[in-house]
Amino acid sequence: MRSKSHLIPMVLAGCAGFAAQSALAGPSGYPAAPPPQGIYTAGTVMVRLGASYVEPDEDVLSNSQSFIVDDPATEDVEEVIRVDVFSQVELDDNTTWYFSAVWLPIEHFGLEIYYSSDANHDATLSSSVEFTGSFSTGIGDFDSHITSLFANWYPLNPTCLIQPYVGVGISYVNIEQEFLRPVFRDGLGSSGLLDFGSDLGWTAQIGVDFNFGRNNGWQINASAMYVNAQPEIFIGYDVTAQPAGFEDPVFLPVRVRDDMDFDPWMFNLGVGYRFSF
């Protein structure tokens, strides 16, 4: 009976040890796999370099001016006529490069600095002059530079290899200034001044990261951005009009200073690298 009393505590101890091993084991009795490693945790940094397609608004400027003129061939003002001149400036699309860096201070939230440089836009001036007709001509190419600061939200679990996000922020747009371009009409040449300014506006984006692995820092990034920007534009050129009954054409100095609707959509595709401090 004494040996039996010693056996009972030994069996209970063995059962306890077996239960502890079973708790640490997987369904087949093997040790349970550790939980996936988070890759979008506090302190994560991502740097990216890639291509950006910049698509400004179709009509960045539409303006109409009215001139009250009389026949320059007469000494006295015998009759005055109103002449309307319509001006339109268009910028084409262009592909350039971009760089961005993201830092996550906490899980699910990140701060991103984005820079797109030297998007080269060909500018076209279209003008319609009452009594004379219309013309359209290229007036040069101009580079846009866009710098943005975003606050991004990453909604999925930090362990996910495919990580979508949305972001909002502010954007500074600058277009190179003070260009003197020739403006031609029917072989009669005159110089025209086209000057762009800069603007600070809001921006928003949606994107996704495709990570190659939890232990592999390389990733592919795709994003679409909208920038609300109305930098100032100044355009000056000269035209002539020949109203009915006028012996000589009249000279019309067209001068427009206004905010243009640059408002580009930007589509980005780049390669990035992820690391943590």
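Residues numbered from 1 in each chain as written. Predicted model: local features only at pLDDT ≥ 70, side-chain atom pairs only at ≥ 80, totals over all residues. Heavy atoms only, no water.

**Some thoughts on the nonpolar core**
Phase 1: Grouped together as the largest cluster of nonpolar side chains are 41 residues, with contacts concentrated most on I235 and L252.
Phase 2: If we skip the residues at most four places from it in the chain, L252 touches F67, V69, V83, V85, V129, Y237, D238, V239 and A241. (Core = buried A, V, L, I, M, F, W, Y, C linked by side-chain atoms within 4.5 Å. Buried < 20%, exposed > 50% of the residue type's maximum accessible area, 1.4 Å probe, protein only. Contact = heavy atoms within 4.5 Å.)

**Points about the pattern of salt bridges**
Phase 1: One pass over the full model with this rule turns up five salt bridges.
Phase 2: Across the pair R48 and E112 runs a salt bridge whose closest N-O atoms are separated by 3.5 Å. Separated by 64 residues along the polypeptide, R48 in strand β1 (residues 44-55) and E112 in strand β5 (residues 109-129) bring together distant segments of the chain.
Phase 3: For R48, a relative accessible area of 2% translates into the label buried.
Phase 4: Under the relative-accessibility criterion, E112 is labelled buried at 2%.
Phase 5: Put simply, D209 and R48 hold a salt bridge, and the shortest N to O gap is 3.1 Å. One end of the pair, D209, is in strand β10 (residues 198-213); the other, R48, is in strand β1, with 161 residues separating them in the sequence. For the pair shown, D209 and R48 are each scored as buried.
Phase 6: Here the residues in one salt-bridge network are R48, E112 and D209, joined through shared partners. (Salt bridge = Lys/Arg side-chain N within 4 Å of Asp/Glu carboxyl O. Helix = DSSP H or I, 4+ residues; strand = E, 2+ residues; numbered from the N terminus.)

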